[in-house]
Amino acid sequence: MKHLSLILKVLVLAAPLWLASCIGHKKTVETKPAEPVNLENRALLEKVNSNNQTGEFVTSKIRFTVEMGALSQSLTGNLKMKRDDVIRLQLMAFGFVEAGRIEFTKDYVLIIDRINKQFLRVPYHHVDFLRNSGINFYTLQAMFWNELFLPGFDHVSEAQYDSIKVQGDSENTILSYEKDKMTYSWLTESATGRIKMANILYTPRQGGNTQLNWDYRSFAMLGRKAFPDDMSITLTTPDKEVKLGVRLNYLNTDSDWETRTQVSSKYSEVDVDEILRRFMAL
């Protein structure tokens, strides 16, 4: 029972971080072009995009570590992703029994607590936090896949290059984009175009800043291209800081799995407030 309680805590702790990192919006955000990108900067942006995986599926065993204040927990599980369709995280008990699941699609977030037979299914636009940021499923996908993103767009193409500010030297380059109270930035390796860190910063006039930082600590080969296999994710709000470590093992491109979870009729549905209430009570 102690092990199952640990899994539930990880689910509850991780949920606000995932929700914060993929909040959607009701309408497309229009980007305002910055100064035209010169040929050298355009070449760098093309280099960054050239690192994108070309495959449709990514699967892996996964190890989580969650830290909040003095609390620190670790757990194993599985990660399954299909490009432009779904991201699924499964938390395992005793190494082989699924105890919890977080599933992101383009339309909703699904969180399943198999310990208490409960679930939460919420459309992105029903979550208040960062509603107006323009961040959606594609933002979270880009972060897992080590790719650029812009709010309101599914992918970053050459047509959006002029919206991105480029600053750097021969070693590191910082890419950034600002919209209202949001700042999106990436630290890249100038020579390879590989993204080393992504950051989303929300700076309201009152109440303190909220920041999501996604650090890529190492990479492994998946097919002919490198894929991040060790990531450190930190959500900092005026009241709390949650750190999530994600370590991938046995990277693969398995496609033999159902991309949507069917929730049993025996499970009861809870709302976002209930998930956040548990989070705040820990």
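Definitions and cut-offs
Residues numbered from 1 in each chain as written. Predicted model: local features only at pLDDT ≥ 70, side-chain atom pairs only at ≥ 80, totals over all residues. Heavy atoms only, no water. Helix = DSSP H or I, 4+ residues; strand = E, 2+ residues; numbered from the N terminus. Core = buried A, V, L, I, M, F, W, Y, C linked by side-chain atoms within 4.5 Å. Buried < 20%, exposed > 50% of the residue type's maximum accessible area, 1.4 Å probe, protein only. Contact = heavy atoms within 4.5 Å. pLDDT = per-residue confidence, 0-100. Salt bridge = Lys/Arg side-chain N within 4 Å of Asp/Glu carboxyl O. Pairing = 2+ DSSP bridges. Phe/Tyr/Trp six-rings, centres within 6.5 Å; stacked < 30°, edge-to-face > 60°. Polar contact = N/O pair within 3.5 Å; in protein donor to acceptor, adjacent residues only side chain to side chain.

Caption draft 1: View of unusual backbone geometry. In the Ramachandran plot, Asp84 falls in the positive-phi region, its phi being about 60° despite a non-glycine side chain. Residue placement: Asp84 occurs in the loop between β2 (71-82) and β3 (86-93). One non-glycine residue, Asp180, adopts positive backbone phi at about 55°. Mapped onto the secondary structure, Asp180 falls in the loop between β8 (172-179) and β9 (182-189).

Caption draft 2: Expanded view of the nonpolar core. If you look at the biggest cluster of nonpolar residues, it comprises 56 residues, and the most contacted ones within it are Phe104, Phe144, Leu175, Trp186 and Trp214. Residue contributions to this core peak at seven residues, all from helix α3 (residues 137-145). Listed in part, the five residues of the second largest apolar core include Tyr108, Leu110, Ile112 and Phe119.

Caption draft 3: Structural view of the environment of Pro204. Residue position: Pro204 is located in the loop between β10 (195-202) and β11 (210-222). In this structure Pro204 comes out as buried when scored by relative accessible area, which is 18%. When the C-alpha atoms of Pro204 and Asp180 are compared, they prove to be 9.4 Å apart, with 24 residues separating the residues in sequence. When near neighbours in sequence (up to four residues on either side) are disregarded, Pro204 contacts Lys181 and Asn209.

Caption draft 4: Just the confidence of the model for the chain, in detail. Mean pLDDT over the chain works out to 83, with 79% of the residues at or above the 70 mark. Ignoring residues within four places in sequence, the model shows residues 1-5, a span with pLDDT below 50, making seven contacts including any to other chains. Segment residues 22-32: pLDDT under 50, and 42 contacts once partners within four positions in sequence are set aside and those in other chains are kept.

Caption draft 5: Seen up close, the pattern of salt bridges. Applying the stated criterion across every chain, the model contains 12 salt bridges. In this structure, Arg247 and Asp229 form a salt bridge, with 3.9 Å as the shortest nitrogen-oxygen distance. A residue pair is termed long-range when its members are at least 10 positions apart, and Arg247 in strand β13 (residues 241-252) and Asp229 in strand β12 (residues 225-236) qualify at 18 residues. On the basis of relative accessible area, Asp229 is assigned to the buried category, the value being 8%. In this structure, the salt-bridge partner of Arg247 is Asp230, at a minimum N-O distance of 3.5 Å.

Caption draft 6: Focus on α3. Along α3, nine of the nine residues are buried, which leaves the element largely enclosed by surrounding structure. Listed as buried for α3 are Phe137, Tyr138, Thr139, Leu140, Gln141, Ala142, Met143, Phe144 and Trp145. With its phi angle positive at about 60°, Asn146 sits one or two positions after the end of α3.

Caption draft 7: Representation of the pairing of strand β1 (residues 57-68) in the model. Bridge count between β1 and β2: 12 bridges; the pairing is antiparallel. The partner of Val66 across the bridge, within β2, is Gln73. What sits between the antiparallel neighbours β1 and β2 is a turn of two residues, in which Gly69 has the positive phi angle 65°. With eight bridges joining them, β1 and β13 adopt antiparallel strand pairing. Of the residues in β13, the one forming a bridge with Thr65 is Gly245.

Caption draft 8: Up close: the packing of aromatic side chains. A full pass over the atoms with the stated rule returns eight aromatic pairs. Here Phe144 and Trp214 contribute two aromatic rings whose centre-to-centre distance is 5.2 Å and whose plane-to-plane angle is 75°, an arrangement assigned as edge-to-face. In this pair, Phe144 is assigned in helix α3 and Trp214 in strand β11, connecting sequence segments 70 residues apart. Grouping residues by exposure puts Phe144 and Trp214 together as buried.

Caption draft 9: Fine view of the side chain of Arg83. Among the structural elements, Arg83 can be located in the loop between β2 and β3. For Arg83, the side chain forms a polar contact with the main-chain oxygen of Gln53, separated by 2.9 Å. In terms of polar contacts, Arg83 uses its side chain to reach the side chain of Glu147, at 2.7 Å. In this view, Arg83 contacts Gln53, Gly55, Glu56, Gln141, Trp145, Glu147 and His155; residues no more than four positions away in its chain are not counted.

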